[in-house]
Amino acid sequence: MTKESISAKGDLRLTRLTKSYGEFTAVDDLSLVIPEGSFFALLGPSGCGKTTTLRMIAGLEEPTVGSIHLGTTDITTTKPYQRPINTVFQNYALFPHLTIFENIAFGLRRRGIKDVDAAVSKVLDLVELPHLAQRKPTQLSGGQQQRIALARAIVNRPALLLLDEPLGALDLKLRRQMQIELKWIQKEVGLTFVHVTHDQEEAMTMADTIAVMNEGQIEQMGSPADLYDNPKTAFVANFLGQSNLIKGTISGNDGDSHIVDVFGQKISLQKNRSHAVDNSIYAGIRPEKFRISRLGTPTSGNILTGGHIEDVSYIGVSTQYQVEMPWGQELMVFEQNDDGVAPFSKDEEVNISWEPIFTFGLRGDEDATAGSEVNPEELDEE
Amino acid sequence: MSTKIKDATIPHIPTSARISRWIGRNLIRIYAVFAFTYLFIPVAYTFAFSFNDSGKSNLIWKGFTLDNWQNPCGAPEVCTALVNSIKIGFLATFFSTILGTMIAFAIGRYSFKGRSTSNLMIFLPMATPEIVLGASLLSLFLVFKINPGFWPTVIAHVVFCVSFVVVTVKARIASLDPRLEQAAMDLYANERETFRRVTLPLVAPGIAAAALLAFSLSFDDYIITNFNSGTLKTFPEFVYASAARGIPAQANVIGSAMFFLALAIVITGQIVGRKRKVSA
Amino acid sequence: MRKIRTPYLLLLPGFAFLFTFFILPIMNLAQTSTQTPVGGGDTGEFEQTLRFSNYIDAFVENKEQFGRSFVYATIATLLALAIAYPLAYAIALKGGKLKNFMLILVIAPFFTSFLLRTVAWKQILGEEGFVVPTLRTFGIIGDSTTLTSTSFAVVMGMTYNFLPFMTLPLYASIDRIDPRTLEASGDLYANGFTTFRRVTLPLSMPGVVAGTLLTFIPAAGDYVNAAILGSPNTKMIGNVIESRYLKIVDYPTAAALSFTLMVVILILVTLYIRKAGTEELV
């Protein structure tokens, strides 16, 4: 098994993967295919099972049920050192007693490769730290350690590179820079990257495909645009960016659109963007898609009237409004400050409008607060 | 045009208040100085009297001489005792470090039935008075008709050193980040290689500290040795025996030399350890 | 790391050794303690008679020394605590960059042989030393008072010799206190003394427990300090056991005394730990 598994390559296939600790199930019947050569993100809040899944792929945990295949090779029970998979750990886990050079060369040496100099220099150049080869890890800054941890994994040209929230400890500017660099390196080197994170902006920036995880299961998987524009569950809608979810009832049809009654007002949404199973539905609209207008100003598309501005936050790039609607719900609106028009002020009476194609529809029995940190009492006051 | 702070006043504190404030803040530091002085009094005394031109009885200061330092083995039996102590020390350290490290790994790394009993077993020798350890071992040796001497002493020393080794190494193991071993396995090292190349090097300083501790405990031991050494004399036994008629100055020389040597080792260890941690 | 056999294999040599050379001797000790001299036999010949009254005899005959041992040990422990606590506090909270160096200074004196140090004290406190004449000059003690061969000297020697055993655990415990909790206490209207009483002291209790145990246990069984710095009036139970074993060759009595000492200490330690509430000592 050893010889075979160490040279396995191909798509990573997780089949019905489950991990339980006694009563607690961390990963629940997860099935997933990660195509070779892609940048894949596992996104979710802490405790959702994403790190456990990653560790099972690396071989550091054994699944309770299910299997893992790399291409045609079953690697479910092989040891971590027999898998062509390397991990970039969250706290880097650099060996403190070895130099940077020896840290990077570690995997190569264990595989019996005698001449490591060329490979190590090449990868040090790739992460732009050739001058640190003889230092010790404790002498490096956080950002440098992170890049060395990456170099140590990449130098082995694994079939799969796993990244466990590698950017968590870096400050904002450095994190943004590393996100771009990681994406570039992935394209350069052509390896499959599986990136675990709770930061949805990070996932969307870097990944080709994102799987959103919650409580051990995958809620939805797709490209960043797919997940953002057409979420299937309230969790995805709230976890990725922010959403306004308005409860309503499907009262009729108009060609390929549903007509939805929301608290007495009518809006439309496309049938193929609705995941409702019966007449009850949550109409979802992203805050940046809303437009605010004063009463009397001409508007088009879906219109909701009777709004009352409760809060105005000027953020430089945009202004964020909380608009209270007649049925008690506060809707979130983001307006770009791109036309020199002064922002609206508190207590103004306004209308909200948006293009109908931007509406998405969720099942009426969803928990509208799933995935968000909003106080449940703020939504849905009848 | 420069702006000057004209009317701002510097708070005025009377000198007496300043002094009492300084004392209050530094009281504990002053205490520490006194405490350290107290700790070093007998050491200073021993060192000073190693230069005493004393002849056989080193009780009263007679005059300064370097003779004792130039001829540390001058007094009869001093160096024999020293050599015995060193031999026993090395052997006791060797065995107790190996046995203790193995136990430390077992208790510190694995969860198994009987783990808390094992912890208790290790605690017992430390909670037993030395006189009980020494006397009971002597009794056992006598039952088996083994005479007290060199090897019984080594065995006795190992008994009381093992627990200290276990505690020291266990503490070091506990501070080891398990993710380092996971990283090693992730990078193609199997269990044995991981242990050899990652675990052991990282635990090594703890093992070294434990060995040093074991050696100093063994070297300095009197009570247990007294029961089990028979006619053999270790350095502490030599000092005790000659205490009545006066300890030869050579013993002071050896004691002072041990002090400086040990101090040098510890300070070197500190400097080396600090070099490893220099941050850019 | 998943094999179940490994821990047992690792424990085997060490525990086999400890069983043979620690458990068995203690069991043998218990067995010896109930023997009696063979009538008409040589010195050192005993037979098993299950004479449990050995214990009573031994205790009654030596209750003075027993009591003295525990009193001395208690006083020495308390004194050591009083001396070591401020020192540990100073190193941990005011040591700054010199912390490690100061710790070395605490341990360093103990690189000289324990016996050399004790004998040094005997000479320093003796007639030829500098302490007694100085105290006499200042009229603090009378001309006929000596400091050596007194219980004062014995307790003082014990306190001194066990100081590092008290200081290091105290230091470790105080060092773990986050200095910001002390700042928070001040922020919440507690003055220096109250902060110490209500924050520092409780948080350093594990160190206090460990230190007092590590000092009391060896101190109770010690006899070297008593032998060098004391007189026949200051004999501790350790002295008695030593002479019974090595000089008088009265093994049963010596064994009974040893066993009693060990059991009493174990009981005291268990009660103390229960009261102090420390779970993992080792």
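Computed from a prediction, not measured in an experiment: that's the story for all the values here.

A.B. asks: Can you help me understand the overall build of chain A in this one?
C.D. replies: A tally of helices and strands in chain A yields nine helices and 20 strands. Relative to its full complement of 382 residues, chain A shows a buried share of 43%. Sequence separation of at least 24 residues holds for 66% of the intrachain contacts in chain A that already meet a minimum separation of 6.

A.B. asks: Looking at this structure, how should I read the interface of chain C and chain B?
C.D. replies: It is common to report an interface's size as the accessible area lost on association of the parts. Each partner contributes to the interface: chain C provides 66 residues, whereas chain B provides 66 residues. At the level of secondary structure, the elements contributing two or more residues to the side of chain C that touches chain B comprise helix 1 (5-32), helix 2 (53-94), helix 3 (99-107), helix 4 (114-124), helix 9 (205-221), helix 10 (224-229), helix 11 (237-247) and helix 12 (251-276) of chain C. The element contributing the most residues to the side of chain C that touches chain B is helix 1 of chain C, with 17 residues.

A.B. asks: I'm lost on the domain arrangement of chain A in this one. Help?
C.D. replies: Residues and elements named next belong to chain A. Per the domain assignment, the segments making up chain A are domain 1 (2-226) and domain 2 (231-378). Centre-to-centre separation of domain 1 and domain 2, based on C-alpha positions: 38 Å. Counting from both sides, the interface comprises five residues of domain 1 and, opposite them, eight residues of domain 2. The set of elements that each furnish at least two residues to the side of domain 1 that touches domain 2 consists of strand 9 (209-214) and strand 10 (217-222).

A.B. asks: I keep staring at the environment of C:Ser243 and nothing clicks. Help me out?
C.D. replies: Residues and elements named next belong to chain C. Of note, Ser243 is situated in helix 11. Of the residues examined, Ser243 has 15 C-beta atoms within 10 Å and is grouped as partly exposed. As a C-alpha pair, Ser243 and Gly192 span 51 residues in sequence and 51 Å in three-dimensional space.

A.B. asks: Would you take a moment to explain the interface of chain B and chain A for this structure?
C.D. replies: With 19 residues of chain B at the interface, the matching set in chain A holds 19 residues. Of all the secondary structure elements, the ones that give two or more residues to the side of chain B that touches chain A are helix 7 (178-186) and helix 8 (191-219) of chain B. Counting residues per element, the side of chain B that touches chain A draws most heavily on helix 7 of chain B, at six residues. For the side of chain B that touches chain A, the residue count by class is 11 nonpolar, three polar and five charged.

A.B. asks: Looking at this structure, I do not really get helix 12 of chain C. What am I missing?
C.D. replies: Compared with the 38 Å implied by 1.5 Å per residue over 26 residues, the 37 Å span of helix 12 of chain C between its first and last C-alpha is a close match. Among all positions in helix 12 of chain C, only C:Tyr251, C:Pro252, C:Thr253, C:Ala254, C:Ala255, C:Ala256, C:Leu257, C:Ser258, C:Phe259, C:Leu261, C:Met262 and C:Ile265 are buried.

A.B. asks: Is there a simple way to explain the arrangement of the chains in this structure?
C.D. replies: Pairwise contact counts over the two pairs of chains in contact peak for chains B and C. Without any contact between them, chain A and chain C keep their closest C-alpha atoms 12 Å apart.

A.B. asks: Before we go on, may I ask you to explain the nonpolar core in this structure?
C.D. replies: Soluble, globular proteins show a tendency: their nonpolar side chains are buried together. B:Ile103, B:Val159, B:Val239, C:Ala84 and C:Ala88 are the most contacted members of the largest nonpolar core, which totals 138 residues. The element best represented in this core is helix 2 of chain C, accounting for 14 residues. Dropping the residues within four chain positions of it, C:Ala84 is found in contact with C:Leu163, C:Met166, C:Thr167, C:Leu170 and C:Gly211. The next biggest cluster of nonpolar side chains, apart from the first, holds 109 residues, and it includes A:Leu42, A:Ala58, A:Leu60 and A:Leu70.

A.B. asks: Any chance you could explain unusual backbone geometry here in plain terms?
C.D. replies: Glycine aside, residues mostly have negative phi, and peptide bonds are mostly found in the trans state. All names here are of chain A. Of note, Glu215 is a non-glycine position whose phi angle comes to about 50°, a positive value. Positionally, Glu215 belongs in the loop between strand 9 and strand 10. Note on Glu215: 15 C-beta atoms within 10 Å, which makes it partly exposed. We note that Phe263 has phi near 50°; this positive angle belongs to a residue other than glycine. Along the chain, Phe263 turns up in the loop between strand 12 (257-262) and strand 13 (265-270).

A.B. asks: Sorry if this is basic, but what is going on with the sheet that holds strand 9 of chain A here?
C.D. replies: Within a beta sheet, neighbouring strands are joined by backbone hydrogen bonds and run either parallel or antiparallel to one another. All names here are of chain A. Strand order in the open sheet made by the six strands is 6-7-8-3-9-10, with mixed pairing throughout. In the strand order of this sheet, the two ends are held by strand 6 (85-88) and strand 10, each with one partner. Adjacent strand axes in the sheet meet at a mean angle of 20° when their direction is disregarded. Relative to strand 7 (residues 160-164), strand 6 runs parallel, the two sharing four bridges. Bridge pairing in strand 7 links Asn86 to Leu161. Here helix 5 (residues 142-154) sits on the sheet and contacts strand 6 and strand 7; the angle it forms with strand 6, its principal contact strand, is near 180°.

A.B. asks: What should I look at first to understand the pairing of strand 17 (residues 318-324) of chain A in this one?
C.D. replies: It is a general feature of regular strands that their side chains alternate between the two faces of the sheet. All names here are of chain A. Examined bridge by bridge, strand 16 (residues 302-314) and strand 17 share six bridges and lie antiparallel to one another. By the bridge assignment, Asp311 is partnered in strand 17 with Gln322. The turn joining strand 16 and strand 17, which pair antiparallel and follow one another in sequence, is formed by three residues; a positive phi near 90° is taken by Gly316. Alignment of strand 17 against strand 18 (residues 330-336), held across seven bridges, turns out to be antiparallel. Directly across from Gln320, in strand 18, lies its bridge partner Phe334. The turn joining strand 17 and strand 18, which pair antiparallel and follow one another in sequence, is formed by five residues; a positive phi near 100° is taken by Gly328.

A.B. asks: What should I look at first to understand the confidence of the model for chain A in this one?
C.D. replies: In low-pLDDT segments, the atomic positions of the prediction should not be examined closely. Here chain A shows a mean pLDDT of 89. Residues at 70 or above account for 96%. When the criterion is pLDDT under 50, residues 374-382 of chain A qualifies, and its contacts beyond four places in sequence or with other chains add up to 14 contacts.

A.B. asks: Explanation requested: the sheet that holds strand 18 of chain A in the structure shown.
C.D. replies: All names here are of chain A. Within the open sheet, the five strands sit side by side as 15-19-16-17-18. Their pairing is antiparallel. Here the strands that pair on one side only, and so sit at the sheet edges, are strand 15 (291-294) and strand 18. Neighbouring strand axes in the sheet, compared pairwise and without regard to direction, differ in orientation by 45° on average. In the sheet, strand 15 pairs with strand 19 (residues 349-354) via four bridges, with the strands oriented antiparallel. Of the residues in strand 19, the one forming a bridge with Arg291 is Ser353.

A.B. asks: It is not clear to me how the environment of B:Pro152 should be interpreted in this structure. Could you clarify?
C.D. replies: Residues and elements named next belong to chain B. Following the sequence through the fold, Pro152 ends up in helix 6 (residues 150-174). For the pair Pro152 and Phe141, spaced 11 residues apart in sequence, the C-alpha separation works out to 7.8 Å. Not counting residues up to four positions away in its chain, the partners in contact with Pro152 are Phe141, Ile146 and Asn228.

A.B. asks: Just checking my understanding: could you explain the pairing of strand 8 (residues 192-197) of chain A for this structure?
C.D. replies: Residues and elements named next belong to chain A. Within strand 8, six of the six residues are buried, which leaves it mostly tucked inside the rest of the structure. Both faces of strand 8 are covered, namely the face carrying Thr192, Val194 and Val196 and the face carrying Phe193, His195 and Thr197. Across five bridges, the pairing between strand 3 (residues 39-43) and strand 8 is parallel. When the bridges of strand 8 are listed, Phe40 appears paired with Val194. Bridging between strand 7 and strand 8 involves five bridges; their strand directions are parallel. Across the sheet, Asp164 pairs through a bridge with Val196, a residue of strand 8. With respect to chirality, the unit in which strand 7 leads through helix 6 (residues 172-189) into the neighbouring parallel strand 8 is right-handed.

Cut-offs applied
- Residues numbered from 1 in each chain as written.
- Chains lettered and ligands numbered in written order.
- Predicted model: local features only at pLDDT ≥ 70, side-chain atom pairs only at ≥ 80, totals over all residues.
- Helix = DSSP H or I, 4+ residues; strand = E, 2+ residues; numbered from the N terminus.
- Buried ≥ 20, exposed ≤ 12 C-beta atoms within 10 Å, placed from the backbone.
- Contact = placed C-beta atoms within 7 Å.
- Domains from an automatic or database assignment.
- Nonpolar A, V, L, I, M, F, W, Y, C, P; charged D, E, K, R; others polar.
- Expected span 1.5 Å × (residues − 1).
- Core = buried A, V, L, I, M, F, W, Y, C linked by C-beta atoms within 7 Å.
- Pairing = 2+ DSSP bridges.
- Axes fitted to C-alpha atoms, helices over the stretch in contact; angles between N-to-C directions.
- pLDDT = per-residue confidence, 0-100.
- Right-handed = clockwise from strand over helix to strand, strands pointing away.

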